[in-house]
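# Fold and geometry: a report
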Amino acid sequence: MANNTVPFTVPSFAGEAADAVVKVLDSGWVTTGPQTAAFEQDFADYLSTAQTPAHPETAARKSPVQVVAVASCTSAIELCLRAMDLPPGSAVLTPSLTFCGAVNAILHAGHRPVLVDIDEDTLVPSVRTVAAAAARVRPAAMVVQNQGGYPVDVPALTEAAGLDHRRVVEDAAHGPGAARDGVRVGARSYAACFSFYATKNMPIGEGGAIATDDEELVDRLRAMRLHGMSKDSWRRYHPGGSWRYDVRDIGLKANMTDMQACIGRAQLAALPEWQRRRAELVGRYDEALRDLPGLVLPQRPAGGTGTATLTHAWHLYQVRVPGRDAMIAELEGAGVATSVHFIPVHHMTAYRSLLGPQECATVPVTDVVAEELLSLPLYPALTADGQDRVIAALSAALRARS
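Structural notes, computed from the coordinates.

### Description of the overall build of the chain
Helices and strands together make up the secondary structure of the chain, namely 15 helices and 12 strands. The globule rule puts the C-alpha radius of gyration for 402 residues at 21 Å, and the 21 Å found for the chain is close to it. Oriented by its inertia axes, the alpha-carbon framework of the chain measures out at about 70 × 50 × 45 Å. Counting the 402 residues in the chain, one finds 55% classified as buried. Of the roughly 17,000 Å² of accessible surface on the chain, 54% is carried by carbon and sulfur atoms.

### So, the sheet that holds strand S9 (residues 208-212)
One open sheet accounts for 7 strands, arranged S1-S9-S8-S5-S4-S2-S3; its pairing is mixed. Each edge of the open sheet is held by one strand with a lone partner, namely strand S1 (66-70) and strand S3 (112-116). Adjacent strand axes in the sheet meet at a mean angle of 25 degrees, parallel and antiparallel pairs treated alike. Where strand S4 (residues 141-145) lies against strand S5 (residues 168-171), 4 bridges are found, and the strand directions are parallel. What sits directly across from glutamine 145, in S5, is aspartate 171. In the packing of helix H2 (residues 34-48) onto the sheet, the strands contacted are S1, strand S8 (192-195) and S9, and the crossing angle to S1 comes to about 135 degrees. The strands that helix H5 (residues 100-108) touches are strand S2 (91-95), S3, S4 and S5; relative to S3, the one it contacts most, it runs at about 140 degrees.

### Topic: the pairing of S5
Each regular strand shows side chains that alternate between the opposite faces of the sheet. Alternating residues of S5 divide into Val168 and Glu170 and Val169 and Asp171, and every residue in both groups is buried. Viewed along the sheet, the connection from S4 through helix H7 (residues 154-161) into S5 turns out right-handed. Alignment of S5 against S8, held across 2 bridges, turns out to be parallel. Among the inter-strand pairings, glutamate 170 is bridged to a residue of S8, identified as alanine 192.

### Re the environment of glycine 264
For glycine 264, the location among the structural elements is in helix H10 (residues 258-289). Judged by relative accessible area, glycine 264 falls into the buried class, the value being 0%. Spatially, the C-alpha atom of glycine 264 lies 9.5 Å from that of phenylalanine 13, the residues being 251 residues apart in sequence. In this structure glycine 264 touches Phe39, Met202 and Ile204, once residues within four positions along its chain are discounted.

### A short note on the environment of isoleucine 106
Mapping isoleucine 106 onto the fold places it in helix H5. For isoleucine 106, a relative accessible area of 0% puts it in the buried group. For the pair isoleucine 106 and leucine 79, spaced 27 residues apart in sequence, the C-alpha to C-alpha distance is 9.8 Å. Once residues within four sequence positions are removed from consideration, isoleucine 106 is found in contact with Leu81, Val92, Thr94, His111, Arg112, Pro113 and Val143.

Here is what the cut-offs are and how they apply
- Residues numbered from 1 in each chain as written.
- Predicted model: local features only at pLDDT ≥ 70, side-chain atom pairs only at ≥ 80, totals over all residues.
- Heavy atoms only, no water.
- Helix = DSSP H or I, 4+ residues; strand = E, 2+ residues; numbered from the N terminus.
- Rg over C-alpha atoms; globule rule 2.2 N^0.38 Å.
- Buried < 20%, exposed > 50% of the residue type's maximum accessible area, 1.4 Å probe, protein only.
- Areas by Shrake-Rupley, 256 points an atom, 1.4 Å probe, with all protein chains shown as cover.
- Pairing = 2+ DSSP bridges.
- Axes fitted to C-alpha atoms, helices over the stretch in contact; angles between N-to-C directions.
- Contact = heavy atoms within 4.5 Å.
- Right-handed = clockwise from strand over helix to strand, strands pointing away.

Have a look at this one:
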């Protein structure tokens, strides 16, 4: 990519991250150990802290959330589904407008994905679309997604699906920084799965985490993330530990390392300022783009829906524009890199074959919206000059069409 191109994304790293890595290297322990445990506690504390509470009593409420650090959000979703002990081949509701890894997790857990359509404004499933999907098949579980950082109403969608809350996994890969009524995404979930991939709001490079308020689930996940072993290496080899362990559940190799965890701890401290910067950039986009012909801006949930006050994480700034593919080429020619989130899974060969034509025909809104979605550059390191170039290129391309 040319040096004068505005990149689609650039990961930010806290200044303390490099020093933290050196300390872990010097410690002689780089895999799952004390830094992983400290990161889990730090992230649990972050989730439990109210974010600009909508009501005074919200700030005083503490969540019993615990965090289990894992290798990725994909492995997190699979581990949670495996821990449900569902019959093989169970129907699991999922949006099709999602990353393929989220659907792979359902398949790898031995179950059958059932597609849920989206609301065209929020880009996430609604009570109506979840109920419609649940009416087609009796679901055993559901994966709900905070697409782009929009905080979904998990209890309402759970009720619409007719499921117990312990049968719902929240895909919070885009969720850090989002909140409902001041309660951070994941703070009150049975199983919320986060991503720390290089492009995410809190990048580590790779890594994920599961937040839950269920003690029994915590114990199972800690074993299942490392083949099902009852004790990890740190607990076996630190002073006073024993080499002996058992395997009660068949698990995965999905543990986080101390190398990743120490970076995560530094990144978490920087996250609030990065989120403030994302919101600032979104405000500039909104102001500059709101009157452009043929462009639909993302829904801004500042006033919320119903009685809830919502805080968007702004992982993505997704606009809708007809002729999206041609627009991508025009912006690339003007030195602006963009992306698309996501190609619906039922548009891809493997899933289309697996799901069959009847299931693929159940998400018409997804089909329409997916052809228009365009993600613009949005990251804390994006400068005002860089953003102005994005705005100018998009504005020129749209006005040339009108």
